[in-house]
Structures are given as structure tokens and as C-alpha cells.
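# Report on the structure
If you want the building blocks of each chain, they are given just below.
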Amino acid sequence: MAVIKPFASFRPNEEVVSEVAALPYDVYKRPEAKEYVSHNPKSFLRIDRPETQFPDDQDMYAKEVYEKAAQMLSEDIADGVYIHDEKPFYYIYELIMDGRSQTGIVAVASVDDYVNGIIKKHENTLEAKEQDRINHISTLNAQTGPIFLAYRDREKINQIVEKVKKTDKTYGFTADDGITHNVWIISEAADIEVIQSEFADENRIYIADGHHRAASAVKVGLKKREENPGYTGEEDFNFFMSVLFPESELKILPYNRVVKDTAGLSTEEFIAKVSEVCEVTEVSSAYQPETKGVFGLFIDGKWYKLSIKDELKSDDPVEGLDVSLLQNHILTPILGIEDPRTDKRIDFVGGIRGLAELERRSNADMKLAFSMYPTSISELFDVADAGRLMPPKSTWFEPKLRSGIFIHEI
């Protein structure tokens, strides 16, 4: 039984929302973040990445950096940049990219559901990355970046969303990257009750993206419980802000690979070894796989189609993933890449960058590239349901949820 609740959000006033809304904090390297904020002084990125307000040699994880973020948020609220809804609502958040719409419900999810496994994970997290957001949430006493959750479609929720989307928007703007963002408030008590009840009948919710933000929010909540032994479970720190998307709304892009060398093999020797595990066909142009079990290979200016041999395919939810097949039969045994998390010879390229980026990298700092068929939502669900973890860089979600449109005070 999932507890997915409405909440009273802090959110930008309509006049400034397009200037405030920012891509997630971890999209930017430090110099990029500082450059962006210098040209966009109202952007929430300055609060998400408060080191942008300091000299370049400032320790970005120092206490005073997080305190600066809290100060800027308080000033924005005092100046009317943010308004605070008087009572809890669900919110509808629609993103449109390249004509494709993706619509979810903004709500808060339960720390207990995360701890007890109702909210399911498919990735490990790194403690250092968690600690940064723990400090950020704790100092601001607020969650500012929503967790990207997914669930299996529920018709009653879909009907309410479609009904509300026919009414006037609360926000509607197109960001400078061409992504359109639309927001509605679900305010009718009957609709709120139905949505909460529908989620209560669901015992599986999935983290699609934002594993580190989720883990950090949960750890802050658990720490606040220790600090408040008389807690009731209804306090805001028992919940973390999320956007929940039905399965039918989601599309995963491929997460491609580039490799620095062929481990001492000539190109001919490398392709010969690949031919032992794949059917190899040279193709005349850049190749994007159209089905599972197929990879594109770019090397020495040529593209090849690689079809993994049937006897190597697997029904196991993890071993059967395309990223696993590539890792287990080519990257490790042929190229000697044992751990893609730590090996400096491999890098990962989000599918949003296209095949031209694979060619560019292979002609610049890398030797070869693999284009991937994207992991499906059902595969993500199957791995999480089995209590397993995906290999690193298995999924790339686009478009990215903006930070700063919704803030959950804890």
C-alpha cells in the first residue's frame, strides 16, 4: 500500500517561473554552473549549486556554502519570488519535448515506503553524492529537486489528469532548450481523495531517476525522526517530493558507450573476436539498433551492426539486458573492461546527444563506440521487482524534471 500524499508547495509566482526553473544540479560541471548562473541570476541553480556564489577555490561542500543557499531561498520567499499554497494539493506537471508529451503527478512519497521496499530501486548510490544533498536538504529544511518515480497505469488517475488538463494552466512556458513545461493544480477534494486511494491500492512504485536525491531525502527524514522521538509519522520530514509518471507516459533513451582503445588488438582482430559472439554486418551509415540484442559499432570511420548470438541471450531480468550482454560478452572478455564504474577507458554518452556524438568522440579522445537499444520501462520494473540492480548507465531519461518549480518544506 503506497502512501502518496498531496502537499502545500512553495512555488514561483507566475511572472518569474520561467526564469527560476532550472535543470537538475548534477547536469552541470562546476564551471558550467557558475557560467549559467552569471547569465541567469534568478535561476534556481544558484540555490541548488550555491558554490556559484563564491570564488572558484571555495570548498563547495563547506557549511557556509549550504548556509548561503538557505539564505538565498529565504530572501526569495520574503521578496515574493515564491508563494506558499495554503493547503495540500496534487499538481500535474507536463513536459513536452519534440512534440511528445509526458505528464506526471507531483506529490510526496513516504520514507517508510522507501525503507520497506514498496518504493523500489534499481541502482546503487554513492555516499559522497548522497552527503552533498543531505547537507543541502538539512540546511534548507526543504526538498527542492523532485524524485522521478514511475508506476503502472491506473485508469482513474489517468481520467482525473486528462480532466484537469482541459482547464486553465497554473504555469505554461517553454525553456531556452525548447522543452515546454505546463503545470495545473488538482484542487477538488474528490479528485484528491481518488488519487490518494488509487495509490493506496498500489504496492509497487519505482524510482526511475534520482536515486541519490531519494536516498538523501530519506536519510534526512530518518535523522529528524531520531531528533524528534515523539514524531507521529505525519510530519513533512516523513515524506519526500516526487513526480510520479504512469508507465505509458515514459520513454527511455539509450545510454551509449565509447571506449578508448581495443586492448592491443588491431581493428581486424577485434572484429574477428566480436564475430565469435555476434553476427557482424557492415552498414553504410550511422546505425541505431531497432530491436533488443543488437548493437551498433563505430570504429575506424565505419559502422557495423552487431547481433548477439541467440545462445548467449538470457531470460534473467539483469543478464538479459542489452547493457549486460554487451558488458559480459564484449566489454569484459574482449576489451578487458571489468568494472565500468571505475575503468577510465570507457565513457557513457546519453542518447539525447545522438549518433554524431559517438562518431565525434571516436575520432577525438576515443577509439570506438557502441550505440545501444534502450532499456524498456518493463525491463526496469522487472529488475526492481526481482530486488536486483541494473548495471551502471542503463537508462537515460529525457526530458529532465526542472528544479525550483516545486519546493517541499520539511
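This structure is a prediction, so every number in the text was calculated from the model and none was measured. (Residues numbered from 1 in each chain as written. Predicted model: local features only at pLDDT ≥ 70, side-chain atom pairs only at ≥ 80, totals over all residues. Heavy atoms only, no water.)

This paragraph deals with the overall build of the protein chain. Regarding its fold elements, the protein chain presents 13 helices and 21 strands. In terms of overall size, the protein chain behaves like a compact globule, its C-alpha atoms giving a radius of gyration of 23 Å where 410 residues would be expected to give roughly 22 Å. A buried classification covers 55% of the 410 residues belonging to the protein chain. Total accessible area on the protein chain is roughly 18200 Å²; 46% of this is exposed by carbon and sulfur atoms. (Helix = DSSP H or I, 4+ residues; strand = E, 2+ residues; numbered from the N terminus. Rg over C-alpha atoms; globule rule 2.2 N^0.38 Å. Buried < 20%, exposed > 50% of the residue type's maximum accessible area, 1.4 Å probe, protein only. Areas by Shrake-Rupley, 256 points an atom, 1.4 Å probe, with all protein chains shown as cover.)

Between Glu398 and Pro399 the backbone carries a cis peptide bond, its omega angle lying at 0 degrees. Its place among the elements puts Pro399 in the loop between strand 20 (396–397) and strand 21 (408–409). One non-glycine residue, Asn141, lies in positive phi territory at about 55 degrees. By the element assignment, Asn141 lies in the loop between helix 6 (127–140) and strand 7 (142–143).

Further remarks concern the nonpolar core. Judged by nonpolar contacts, the single largest core of 101 residues is most densely connected at Tyr93, Phe240, Phe270, Leu306, Ile330, Phe370 and Phe406. Not counting chain neighbours up to four residues away, the residues in contact with Phe270 comprise Thr262, Leu265, Leu297, Ile299, Ile330, Ile334, Leu335, Leu368 and Phe370. Val20, Ala33, Leu45 and Ile47 belong to the second-largest nonpolar core, a separate cluster that totals 18 residues. (Core = buried A, V, L, I, M, F, W, Y, C linked by side-chain atoms within 4.5 Å. Contact = heavy atoms within 4.5 Å.)

All told, the structure shown has 31 salt bridges when counted by the stated rule. Its salt-bridge partner being Lys42, residue Glu19 comes within 3.8 Å of it at the nearest N-O pair. Here Lys42 lies in the loop between helix 2 (30–39) and helix 3 (45–48) and Glu19 lies in helix 1 (residues 17–20), a separation of 23 residues in the sequence. Look at Glu19 and you get partly exposed, because its relative accessible area is 39%. Lys42 gets classed as partly exposed once you look at its relative accessible area, which sits at 43%. Asp48 is the salt-bridge partner of Arg133, the closest N and O atoms lying 3.3 Å from each other. (Salt bridge = Lys/Arg side-chain N within 4 Å of Asp/Glu carboxyl O.)

Moving on, we get to the pairing of strand 4 (residues 90–97). Here strand 4 lies mainly inside the structure; seven of its eight residues are buried. Bridge count between strand 4 and strand 10 (residues 180–186): seven bridges; the pairing is antiparallel. By the bridge assignment, Tyr90 is partnered in strand 10 with Ile186. Two elements, strand 4 and strand 5 (residues 100–110), share seven bridges in a ladder whose sense is antiparallel. In the sheet register, Tyr91 faces strand 5, and the bridge partner there is Val106. Adjacent in sequence and paired antiparallel, strand 4 and strand 5 are bridged by two residues, among which Asp98 carries a positive phi angle near 55 degrees. (Pairing = 2+ DSSP bridges.)

So, on to the environment of Gly172. Its place among the elements puts Gly172 in strand 9 (residues 171–174). A relative accessible area of 53% means that Gly172 is categorised as exposed. With 18 residues separating them in the primary sequence, Gly172 and Arg154 have C-alpha atoms 26 Å apart.

Remark: helix 6 packs on helix 9 (residues 211–227), axes separated minimally by 8 Å, with the N-to-C direction vectors making an angle of 50 degrees. On the basis of their axis angle, the class for helix 6 and helix 9 is oblique. In this structure, helix 6 meets helix 9 at a crossing whose hand is right-handed. Of helix 9, the residues touching helix 6 (which contributes Lys129, Glu130, Arg133, Ile134, Ile137 and Ser138) are His212, Ala215, Ser216, Ala217, Lys219 and Val220. Residue classes in the contact of helix 6 with helix 9 are distributed as five nonpolar, three polar and four charged. (Axes fitted to C-alpha atoms, helices over the stretch in contact; angles between N-to-C directions. Parallel < 35°, antiparallel > 145°, perpendicular 65-115°, else oblique. Left-handed = near helix turned anticlockwise from the far one by under 90°. Nonpolar A, V, L, I, M, F, W, Y, C, P; charged D, E, K, R; others polar.)

Following the sequence through the fold, Ile252 ends up in strand 13 (residues 252–253). Through-space distance from the C-alpha of Ile252 to that of Glu398 is 7.2 Å; in sequence the pair is 146 residues apart.

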